[in-house]
Amino acid sequence: MPANQDNTFDVIIIGAGSVGVPTAYFMAKAGLKTLVIDQLPSVGQASNKHAIGGVRATHSDPAKIHLGSRSLEVFSNWEQENGDDIEWHQGGYSFVAYDEANAQTLQHLTTWQKEHGLNITWLDKENILKIIPNIIPEGLIGGTYSPEDGSASPLLSVFAFHKHSSELGAQFRFNETVLDFIRDGDRVTGVKTDQNIYSSQWVINASGGWAKPLSAKLGLNVPVEPDSHEAGITEPAERIFHPMIVDMRARPGLANFYFYQHPTGKIIFCMTPDPPILGTHTLASSEFLPKAARRLVEVMPVLRHIRVRRVWRGIYPMTPDGSPIIGQVTGLAGFILAVGMCGQGFMFGPGIGQLLTHFVLDELDEMDKIILESLSFHREFGSMEVLK
Ligand SMILES: Cc1cc2nc3c(=O)[nH]c(=O)nc-3n(C[C@H](O)[C@H](O)[C@H](O)COP(=O)(O)OP(=O)(O)OC[C@H]3O[C@@H](n4cnc5c(N)ncnc54)[C@H](O)[C@@H]3O)c2cc1C
């Protein structure tokens, strides 16, 4: 079945998630005829809605610092510029250290991050306790504080990007699955779904945890493995701290633990399982809550009586080095990867949307080029970011 004129676009985005929807917004804003296709019934229904909403520029890799900084600018100005409350809260991030090894790593990194223009400071115990008075002081050495980082609601954000991109002319097809790609020699010229054929100048694969099987249709081995993570939320309490607190201490079964207090007063918490739990599990396990609750009370004993309201489980689309894969694939014109977001797809979504719009318009600046080179599909995947 040939694609008809109505089914011809400048850009087709596969996936209406953390990356696909803000990308559609920036593409439509630039005047590009944009189509987003998702197999699920509405925006943000896969990993996006499982994210806890942390947004930071304080990474240990220049490409991620710049993607995070660009996203921060979008999230922090969104309500003022576009009118939607996305629950943006500029509470900062604090990585706390209870042992010398982590303290040294963080202090060393803070110096490097400052050199890269980030607003971050290493605070000793006394000063970190002024910012987080209820954190357990025993053994605390100090911590980083980056006041410009923050949090926003992943669902309110994706709804806002959807609303504004639709108003700007982007089209969305839900309950429709991309099955294959249309090719003309070395060029990808469209997609075939379970319902239609669409053609376009550019096809962006923003399919999150499905990146590997979908890219395999083009003969590519894209190293993205779904890795499941859980989170929980408590009842509301009066505000007792602002930053996202990241405690890097490992405990049996978990590599680290992080939590923050939402503008409604609820505490939202998450941990990195060790060893990783590979797979697309989305049913909460019985193991998470006992481990996470113990850890929360260990770090902040004042929370020992707070009641947990809900836990959930979702997917990190993981790459071997903990960084996303963004850009073109040699020998496949017209095809762009925006996958492998790991635990950071919500915070990178708007930055990636801007970057890919520059790319499609052939308006890349120097920083765009650095990001694309660093996050290329063709890199070695040998290193591992410290703050992945
Ligand atoms: C517990 C937890 C906490 C997290 N906390 C944070 C956080 O604080 N900050 C942060 O930045 N990130 C966080 N994350 C990670 C974040 O959720 C992901 O990195 C991000 O959502 C991935 O975005 P994505 O657009 O790549 O994928 P998704 O949001 O999953 O979107 C991909 C979309 O592609 C669609 N799709 C796939 N294949 C097809 C196909 N063949 N046809 C049509 N549609 C298709 C899917 O249906 C899906 O809607 C967290 C994740 C979890 C699980």
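Quantities reported herein were computed from a predicted structural model and do not represent experimental measurements.

A. Examining the overall build of the protein chain more closely. Broken down by element type, the protein chain carries 9 helices and 19 strands. Considering only C-alpha atoms, the protein chain reaches an extent of 70 × 40 × 40 Å along its principal axes. Here the protein chain holds 388 residues, and the buried ones make up 54% of them. Within the protein chain, residue pairs in contact and separated by at least 24 positions form 73% of the contacts whose partners lie at least 6 positions apart.

B. Up close: the site of the ligand. Close to the ligand lie 40 residues, the nearest being Ser18, Asp38, Gly54, Cys342 and Met347. One nitrogen or oxygen atom from the main chain of valine 19 is found 3.0 Å from an oxygen atom belonging to the ligand. For the ligand, the protein covers 98% of the area, taking 1,000 Å² as the surface of the free molecule. Secondary-structure elements contributing two or more residues to the shell around the ligand are β12 (225-236), β17 (308-318) and α8 (345-360). Counting residues per element, the shell around the ligand draws most heavily on β17, at 4 residues.

C. Broad picture of the pattern of salt bridges. Applying the stated criterion across every chain, the model contains 14 salt bridges. Put simply, glutamate 366 and lysine 369 hold a salt bridge, and the shortest N to O gap is 3.6 Å. Pair noted here: glutamate 366 and lysine 369 are both in helix α9 (residues 366-374), with a separation of 3 residues, about one helical turn. A residue is classified by how much of its surface remains accessible, and glutamate 366, at 56% relative accessible area, is exposed.

D. Region of the structure containing the nonpolar core. Formed by 68 residues in total, the largest nonpolar core has its most connected members in Val11, Ile52, Leu67, Ile204, Ile326, Ile352 and Leu356. Considering each element in turn, this core owes the most residues, 8 residues, to α8. Not counting chain neighbours up to four residues away, the residues in contact with valine 11 comprise Met27, Leu32, Lys33, Thr34, Leu35, Ser200, Trp202, Ile204 and Val360. Ranked by size, the runner-up nonpolar core spans 25 residues in total, among them Leu35, Val188, Val339 and Phe381.

E. Quick look at the side chain of arginine 379. Tracing the chain through its elements places arginine 379 in the segment after α9. Residue arginine 379 is classed as buried on the basis of its relative accessible area, which comes to 15%. A distance of 2.9 Å separates a polar atom in the side chain of arginine 379 from the backbone oxygen of serine 323. Separated by 2.9 Å, the side chain of arginine 379 and the backbone oxygen of proline 324 make a polar contact.

F. A look at the packing of aromatic side chains. In the structure shown here, the tally under the stated rule is 15 aromatic pairs. An angle of 45° between the planes, with centres 6.2 Å apart, marks the rings of tyrosine 25 and phenylalanine 161 as tilted. Of this pair, tyrosine 25 sits in helix α1 (residues 20-29) while phenylalanine 161 sits in helix α5 (residues 154-167), and the two are 136 residues apart along the sequence. We note that tyrosine 25, like phenylalanine 161, is buried. Pairwise contacts between aromatic rings join Tyr25, Phe26, Phe75, Trp78, Phe161 and Phe346 into one cluster. The ring of phenylalanine 9 has lysine 33 sitting right over it, with the charged end atom 4.8 Å from the ring centre. Sitting over the face of the ring of tyrosine 98, arginine 249 holds its NZ or CZ atom 3.7 Å from the ring centroid.

Quick notes on the rules
Residues numbered from 1 in each chain as written. Predicted model: local features only at pLDDT ≥ 70, side-chain atom pairs only at ≥ 80, totals over all residues. Heavy atoms only, no water. Helix = DSSP H or I, 4+ residues; strand = E, 2+ residues; numbered from the N terminus. Buried < 20%, exposed > 50% of the residue type's maximum accessible area, 1.4 Å probe, protein only. Contact = heavy atoms within 4.5 Å. Near = heavy atom within 4 Å. Polar contact = N/O pair within 3.5 Å; in protein donor to acceptor, adjacent residues only side chain to side chain. Areas by Shrake-Rupley, 256 points an atom, 1.4 Å probe, with all protein chains shown as cover. Salt bridge = Lys/Arg side-chain N within 4 Å of Asp/Glu carboxyl O. Core = buried A, V, L, I, M, F, W, Y, C linked by side-chain atoms within 4.5 Å. Phe/Tyr/Trp six-rings, centres within 6.5 Å; stacked < 30°, edge-to-face > 60°. Lys NZ or Arg CZ within 6 Å of the ring centre and 35° of its normal.

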